[in-house]
Amino acid sequence: KLFGEYELEAHHTIETGCENFLSGQGGPFCSIMFTFHRALSMYAMVRKNRKARKYLKQAKRLRKELSLLLKKGNPNVAHYVSLLNAEHAALKEKYQEENVSKLYNGGIMASKRGGFVMDAALGHERFADFLLRDIGDIEEAEYHIKQAIRCYTNWGAMGKVEHLRKQYQGILDGEHHEDTTLAVVHFSK
């Protein structure tokens, strides 16, 4: 199971270069989807290590590719661009929590409206990660973890649901109300 293994994807992307991936194999939609996931992996690595400039450079490049498709009129990338804009805003030194929250919520809503329940789930999951790591808002993060689980369940991704339940067990069991430190340590493996 490779759930949440952003580091593996990020390293693979850096090693292979993934230049012009949008014109690659698997047809346009698969190429777009892979470009999004690669960009998301890059942003996850930058959030993990803010000094990892090589990941940020790739994340920006991939985000720009998807943004160009949106400008050319491709409606299937709007939710991807929204979620990547939230990831990008969350990295800024002087981000405004309210702005980042609006961007994540906008990306999640765009995913749901477009019928991309799996991307809405991923948006909830990444937003929860931001809330936990950068803000320390465990209660709001718990809401988004539960929403991610609900979306993944609706999509039929029960392996992912089980993974999230194990990863965030302390938070989902309400341990954060008694001891915040325990909950934070439990999920940050």
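Residues numbered from 1 in each chain as written. Predicted model: local features only at pLDDT ≥ 70, side-chain atom pairs only at ≥ 80, totals over all residues. Heavy atoms only, no water.

A separate point is the packing of helix 4 (residues 78-91) against helix 5 (residues 97-113). At a closest axis distance of 8 Å, the pairing of helix 4 and helix 5 adopts a crossing angle of 160 degrees. One finds that helix 4 runs roughly antiparallel with respect to helix 5. Between helix 4 and helix 5 the crossing geometry is left-handed. Between helix 4, through His 79, Ser 82, Leu 83, Asn 85, Ala 86, Glu 87, Ala 89 and Ala 90, and helix 5, the contact on the second element is made entirely by Val 100, Leu 103, Tyr 104, Gly 107, Ile 108, Ala 110 and Ser 111. Split into classes, the residues belonging to the contact of helix 4 with helix 5 amount to nine nonpolar, five polar and one charged. (Axes fitted to C-alpha atoms, helices over the stretch in contact; angles between N-to-C directions. Helix = DSSP H or I, 4+ residues; strand = E, 2+ residues; numbered from the N terminus. Parallel < 35°, antiparallel > 145°, perpendicular 65-115°, else oblique. Left-handed = near helix turned anticlockwise from the far one by under 90°. Contact = heavy atoms within 4.5 Å. Nonpolar A, V, L, I, M, F, W, Y, C, P; charged D, E, K, R; others polar.)

With 46 residues, the main nonpolar core has Phe 36, Leu 66 and Tyr 152 as its most contacted residues. Listed by contribution, the elements that provide at least two residues to this core are helix 2 (27-48), helix 3 (53-71), helix 4, helix 5, helix 6 (117-135), helix 7 (138-155) and helix 8 (158-167). With residues near it in sequence (within four places) discarded, Leu 66 still touches Ile 32, Thr 35, Phe 36, Val 77, Tyr 80, Val 81 and Leu 84. (Core = buried A, V, L, I, M, F, W, Y, C linked by side-chain atoms within 4.5 Å. Buried < 20%, exposed > 50% of the residue type's maximum accessible area, 1.4 Å probe, protein only.)

The next subject is helix 3. For helix 3, built from 19 residues, the straight-helix expectation of 27 Å at 1.5 Å per residue is met to within 8% by its first-to-last C-alpha distance of 27 Å. Listed as buried for helix 3 are Tyr 55, Leu 56, Gln 58, Ala 59, Leu 62, Glu 65, Leu 66 and Ser 67. Gly 73 occupies a position one or two residues after helix 3 and carries a positive phi of about 105 degrees. (Expected span 1.5 Å × (residues − 1).)

Before going further, it helps to spend a moment on the packing of aromatic side chains. The final tally for this structure, using the stated rule, is four aromatic pairs. Between Phe 36 and Tyr 80, the ring centres sit 4.2 Å apart and the planes meet at 15 degrees, which makes this aromatic pair stacked. One end of the pair, Phe 36, is in helix 2; the other, Tyr 80, is in helix 4, with 44 residues separating them in the sequence. Consider the rings of Tyr 104 and Phe 127, whose centres lie 4.8 Å apart with planes at 15 degrees: the pair is stacked. Taken together, the positions of Tyr 104 in helix 5 and Phe 127 in helix 6 put the pair 23 residues apart, joining distant regions of the chain. For the pair shown, Tyr 104 and Phe 127 are each scored as buried. Each member of the aromatic cluster is reached from another via a ring pair, and the members are Tyr 104, Phe 127 and Phe 130. (Phe/Tyr/Trp six-rings, centres within 6.5 Å; stacked < 30°, edge-to-face > 60°.)

This part covers the pattern of salt bridges. A complete count under the given rule lists nine salt bridges for this structure. When the shortest N-O distance is used, the salt bridge between Arg 47 and Asp 129 registers 2.7 Å. Here the residue Arg 47 occupies a position in helix 2, and Asp 129 occupies one in helix 6, the gap between them amounting to 82 residues. Side by side, Arg 47 and Asp 129 carry an identical accessibility label, which is buried. Residues Glu 125 and Lys 160 are paired through a salt bridge, measuring 2.9 Å at the closest nitrogen-oxygen approach. Of the two residues, Glu 125 is situated in helix 6 and Lys 160 in helix 8; the sequence distance between them amounts to 35 residues. Judged by its relative accessible area of 7%, Glu 125 falls in the buried class. Taken together, the shared-partner salt bridges connect Arg 47, Glu 87, Arg 126, Asp 129 and Arg 133 into one network. (Salt bridge = Lys/Arg side-chain N within 4 Å of Asp/Glu carboxyl O.)

The next point concerns the confidence of the model for the protein chain. A residue-level look at the protein chain finds 77% of positions with pLDDT of 70 or above and a mean pLDDT of 83. Put simply, helix 11 (residues 180-187) is where the protein chain has its lowest mean pLDDT, 39, and helix 7 is where it has its highest, 97. Segment residues 20-27: pLDDT under 50, and 11 contacts once partners within four positions in sequence are set aside and those in other chains are kept. This stretch, residues 178-189, has a pLDDT under 50; its non-local contacts, to residues over four places away or in other chains, come to 14 contacts. (pLDDT = per-residue confidence, 0-100.)

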